[in-house]
Amino acid sequence: MLRVLACVSGGGTNLQAMIDAITQGTVRNAQIVGVICNNKNAYALERARNAGIDAICISPKEYADRETFHREFLETVNMKKPDLIVLAGFLVVLPEEMIRTYQNRIINIHPSLIPAFCGKGFYGLKVHEEALKRGVKVTGATVHFVDEGTDTGPIILQKAVAVEADDTPEALQKRVMEQAEWKLLPQAIDLIANGKVKIEDGRVWIKA
Ligand code: GAR
């Protein structure tokens, strides 16, 4: 059983998709052993508690400096002994030591087709605002492994979503979530939990 730890910051709809997929059996051989959230008001915390998952709130604001927060954060992560860490809308930059310790064991969902609309400053609604500004006709979502860069790690899965002429950032965000994110993230976890994902020379191969 793959021990999954989810890190969240906001509404937690991707977390919900993970919980539902595990309950329904579309994700096999995985269990969510904990949820870490940096925002005590996030609805994601309630979703975790409703599902009976241990939820911990740990916010940088409550620590004197970044270093102390990082140490505490990493200790909390280690305590859960995760096989896989899933960043499901987590808006805090990870400690470098954590990225080294959990190399190829941290994945992130991003609401665009990387390498478009990603990197520093591209998160949440901002990604969709920029996609609309640029006038792309297709956008989507990406699940990738996390490395030292921002959204630069090996890509596991991507799914394209059409942009409509009258889209607002909110409407586009909703469509990307419904048509791509909520399917892609559970699918990636299922593939990893069942030994189907291999990384070679910085590229991901999915075994049949
Ligand atoms: C999702 O759209 C996720 O892709 C995005 O934040 C949202 C969280 O929503 N993540 C990023 O932008 C990371 N760069 P949720 O809390 O409802 O899952």
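Structure shown above.
First things first, this report covers the structure right here in the doc. Just so we're clear, the structure is a prediction, and the values are computed from it rather than from any experiment.

Okay, the pairing of strand β4 (residues 84–87) next. Neither face of β4 is left uncovered, since the one carrying L84 and V86 and the one carrying I85 and L87 both have all their residues buried. Note: strand β1 (residues 2–8) against β4, four bridges, orientation parallel. When the bridges of β4 are listed, A6 appears paired with V86. Handedness of the β4-helix α4 (residues 96–101)-strand β5 (residues 106–110) crossover: right-handed.

Right, let's get into the layout of surface pockets. What the largest pocket holds in volume is close to 950 Å³. Lining the largest pocket are 41 residues, and of these F90, L91, N108, F122 and Y123 sit closest to its centre. At the level of secondary structure, the elements contributing two or more residues to the lining of the largest pocket comprise α1 (13–24), α4, β5, β6 (138–145) and α6 (169–193). For the lining of the largest pocket, the per-class residue count stands at 16 nonpolar, 19 polar and six charged. As for the second largest pocket, its lining consists of N38, N39, K40, N41, S59, P60, K61 and E62. A per-class count over the lining of the second largest pocket returns one nonpolar, four polar and three charged.

Direction vectors running N to C along helix α5 (residues 125–134) and α6 enclose 110 degrees, while the axes themselves pass 9 Å from each other. As the angle between them shows, α5 and α6 are arranged roughly perpendicular. As α5 packs across α6, the resulting crossing turns out to be right-handed. Residues L125, H128, E129, A131 and L132 of α5 lie in contact with α6, whose contacting residues are P169, E170, L172, Q173 and V176. Across the contact of α5 with α6, the residue classes tally to six nonpolar, two polar and two charged.

Here we take up the nonpolar core. One recurring pattern in soluble globular proteins: nonpolar side chains tend to sit buried together. The biggest cluster of nonpolar side chains holds 45 residues, and the ones touching the most others in it are I107 and I189. When residues in this core are grouped by element, the largest group, 10 residues, is from α6. Judged by nonpolar contacts, the second largest core, of 18 residues, contains L5, I36, L87 and I99.

Next up on the list: the pairing of strand β2 (residues 30–37). Of all eight residues that make up β2, seven are buried, and the element is covered over most of its length. Inspection of the sheet shows β1 paired to β2 by seven bridges, in the parallel sense. Within the sheet, the bridge partner assigned to R3 lies in β2 and is Q31. Traced from β1 through α1 to β2, the parallel crossover comes out right-handed. Bridge count for β2 against strand β3 (residues 55–57) is three bridges, and the pairing is parallel. Residue pairing across strands places I36 opposite I56, the latter belonging to β3. Each parallel crossover has a hand, and the one from β2 via helix α2 (residues 43–50) to β3 is right-handed.

Rules used in this analysis
Residue numbers restart at each chain and count upward from 1, following the sequence in its written direction. Owing to the predicted nature of the model, reporting of local features is limited to residues with pLDDT of at least 70; listing and counting of side-chain atom pairs is limited to 80 or more, with chain, interface and lining totals taken over all residues. Excluding hydrogens and water, the side-chain values take into account all heavy atoms of the structure. To sort residues, take the accessible area from a 1.4 Å probe on protein chains only and compare it with the maximum for the residue type: under 20% means buried, over 50% means exposed, and anything in between is partly exposed. In this text, helices come from DSSP runs of H or I with a minimum length of four residues, and strands from runs of E with a minimum of two, each type numbered from the N-terminal end. The pairing criterion is simple: DSSP has to find at least two bridges between the two strands. Consider the strands pointing away from the viewer: the crossover is right-handed when the path from the first strand over the helix to the second runs clockwise. Think of a 1 Å grid over the protein atoms and nothing else: a 1.4 Å probe that fits but is trapped marks a cavity, an open set flanked by protein within 12 Å on at least five of seven lines marks a pocket, and residues with an atom within 4 Å of a point count as lining. Grid points are joined across faces, edges and corners, and a volume is the space filled by probe spheres set on the points. Three categories are distinguished: nonpolar for Ala, Val, Leu, Ile, Met, Phe, Trp, Tyr, Cys and Pro, charged for Asp, Glu, Lys and Arg, and polar for the others, with Gly belonging to the last. Every axis corresponds to a line fitted to the C-alpha atoms, with the helix fit spanning only the stretch in contact, and the corresponding angles, defined between N-to-C directions, vary from 0 to 180 degrees. Oblique is the label for any angle not covered by the other classes, which are roughly parallel (under 35 degrees), roughly antiparallel (over 145) and roughly perpendicular (65 to 115). Left-handed describes a crossing whose near helix is turned anticlockwise from the far helix by less than a right angle; the clockwise case is right-handed. We call two residues in contact when some of their heavy atoms are within 4.5 Å. To qualify as a nonpolar core, a set must consist of buried Ala, Val, Leu, Ile, Met, Phe, Trp, Tyr and Cys residues joined through side-chain atoms within 4.5 Å.

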